[in-house]
Amino acid sequence: MAEGGLETAVPGRGELIRRAVDLVEPVAARAEETERLRRLHPDTVEDLLDAGLWGVHRPFRYDGSEGDFGLIVDIGEQLGRACTSTAWVWVNLVSHNWMLGMWPERAQDAVWGSNPDARIGSATIYPPGRVVRVDGGYLLSGRWPFSSGIEVSDWVMLGGMMPPEDGEGPPRPCIFVVACKDIEVIDTWDVVGLVGTGSHDVACADVFVPDYMALSPHDMRGAPTPGSAVNPASLYRLPLLGMFSHILAGAMLGAARGAFDHYTESMRSRVATFNRQRIGDHAAVQLRIAEAAATIRATRQQLRDGPREAHAIAEAGRIPTDLEKTSWRSDAAYACRKCADVVDLLYQASGGAGNYRSNPIQRFFRDVRAGVTHIGVSWDANGAEHGRALLGLPHGNFLL
């Protein structure tokens, strides 16, 4: 909404993707420096802001573009083919726009009311968060690992275990939204893959969190949420855990695409060191390129199917079944595994040249291998979970 109450044009899906494509070249040029900094390059942060890409999945009410959930895959792919670390931070932070849209209106106003461009990081591992109930809210303490993009965030979502209302029974998981000024960032991110994500530890001690800034993941399982009263779009009814794996998958698809683009371009002119033959003339190289291209196309389609199905179910007013939610998670995890296979294939086919730090393919290799270790896209965890559902067995993820 523009000053004076005049409506402003909200960029559509195609325009947002075009803007992401326009950023591929400058973001790729900063990829090495992003690794050196171990955080998003400040120029990239500003470019994403100028392009309106930090506003993806933020509600219209706060000058966001909302959009369908598949945008996180399609834009993540474009940013990821330039720099996987940049894409990883972007998909994480804009996913929190989506999540906060499910919170009560008062929480959304607290974050975006005075600054619609406020960015939200996270560390939503629940056991580290110790919670004490007090008048009007909670005192939150703990230390959490893996807070990607925290250094460019204004707020952070932290996991914690809520004490039971009646003092009996087990504690329940809950997500708390806390201002970054109230937490400590602990420099722990000394890693070999996804180096530029700055996924440091964060900590706080007895930080007061108002009750309206806390929401259980059980309230984000595909039914109307506290935010539905002001954000009626189907986007804000999608199940948190059911769609979570797709968030990270966009960055992994981008890594595969980036490795493919670089390898294919280099093979057009590269000659063998030992006999000066053009390497691209070899059928083995041609087959690797064709296999990689087919795999990327197949995984891209697979990653688009889940969000489309989830939106259709939400628009019909139905809550997705456990079988549907586990299938989306399984599909995304499988797609990430295939993306890693593509990068492995092309890295090995690059020979000794792929080992030079000046060759981007070694960075894609390190990044995608780091990415698939995340539990959200672990094939072992998510594939087995879906297999149980297909067999009619109870799932083991109580958050679904």
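Residues numbered from 1 in each chain as written. Predicted model: local features only at pLDDT ≥ 70, side-chain atom pairs only at ≥ 80, totals over all residues. Heavy atoms only, no water.

The subject of this paragraph is the overall build of the chain. Regarding its fold elements, the chain presents 11 helices and 8 strands. Against the globule reference of 21 Å for 400 residues, the chain gives a C-alpha radius of gyration of 21 Å, in line with a compact fold. Taken along the three principal axes of its C-alpha coordinates, the chain extends 75 × 55 × 40 Å. Classification of the 400 residues of the chain by burial places 55% in the buried group. Restricting to contacts in the chain with at least 6 residues of sequence separation, those with at least 24 account for 73%. Each charge class in the chain can be summarised by its mean position, and for the 39 positive and 49 negative side chains these summaries are 6 Å apart. (Helix = DSSP H or I, 4+ residues; strand = E, 2+ residues; numbered from the N terminus. Rg over C-alpha atoms; globule rule 2.2 N^0.38 Å. Buried < 20%, exposed > 50% of the residue type's maximum accessible area, 1.4 Å probe, protein only. Contact = heavy atoms within 4.5 Å. Lys, Arg positive; Asp, Glu negative; His and termini not counted. Charge placed at Lys NZ, Arg CZ, Asp CG, Glu CD.)

Within the element layout of this structure, Val10 appears in the segment before α1 (13-29). Excluding residues within four positions of it along the chain, Val10 makes contact with Phe60, Gly64 and Ser65.

This part takes up the packing of α1 against helix α4 (residues 71-80). Following both chains from N to C, one finds α1 and α4 inclined at 20°, their axes separated by 8 Å at the closest point. Judged by the angle between their axes, α1 and α4 are roughly parallel. The two elements α1 and α4 cross, and the hand of that crossing is right-handed. When α1 is examined against α4, the residues Arg13, Leu16, Ile17, Ala20, Val21 and Val24 are found in contact with a partner set consisting of Leu71, Asp74, Ile75, Gln78 and Leu79. Among the residues making up the contact of α1 with α4, the classes are represented as 8 nonpolar, 1 polar and 2 charged. (Axes fitted to C-alpha atoms, helices over the stretch in contact; angles between N-to-C directions. Parallel < 35°, antiparallel > 145°, perpendicular 65-115°, else oblique. Left-handed = near helix turned anticlockwise from the far one by under 90°. Nonpolar A, V, L, I, M, F, W, Y, C, P; charged D, E, K, R; others polar.)

A few words on the pairing of strand β2 (residues 130-134). Pairing of β2 with strand β3 (residues 137-147), which is carried by 5 bridges, proceeds in the antiparallel orientation. Looking at the pairing, Val131 lines up with Leu140 of β3. Between β2 and β3, which follow one another and run antiparallel, lie 2 residues, and Gly136 among them has a positive phi close to 85°. (Pairing = 2+ DSSP bridges.)

Next up on the list: α1. Along its 17 residues, α1 runs 25 Å from first to last C-alpha, staying within 8% of the 24 Å computed at 1.5 Å per residue. The largest bend in α1 is about 40°, located at Leu23, with the proline Pro26 one to four residues further on. For α1, the full list of buried residues reads Leu16, Ile17, Ala20, Leu23, Val24 and Val27. Check the buried side of α1 and you find it contacts α2 (31-37), α3 (42-50), α4 and α5 (84-100). (Expected span 1.5 Å × (residues − 1). Bend = angle between axes of the 7 residues up to and from the residue.)

Our focus in this paragraph is unusual backbone geometry. Of note in this structure, Leu194 is not a glycine but carries a positive phi near 50°. Assignment of secondary structure puts Leu194 in the loop between β6 (184-186) and β7 (200-210). In this model, Asp206 sits at a positive phi of 50°, which is unusual for a non-glycine residue. Turning to its location among the elements, Asp206 is positioned in strand β7. On the accessibility criterion, Asp206 (51% relative accessible area) is exposed.

Such coordinate-based values are descriptive only and should not be taken to indicate function.
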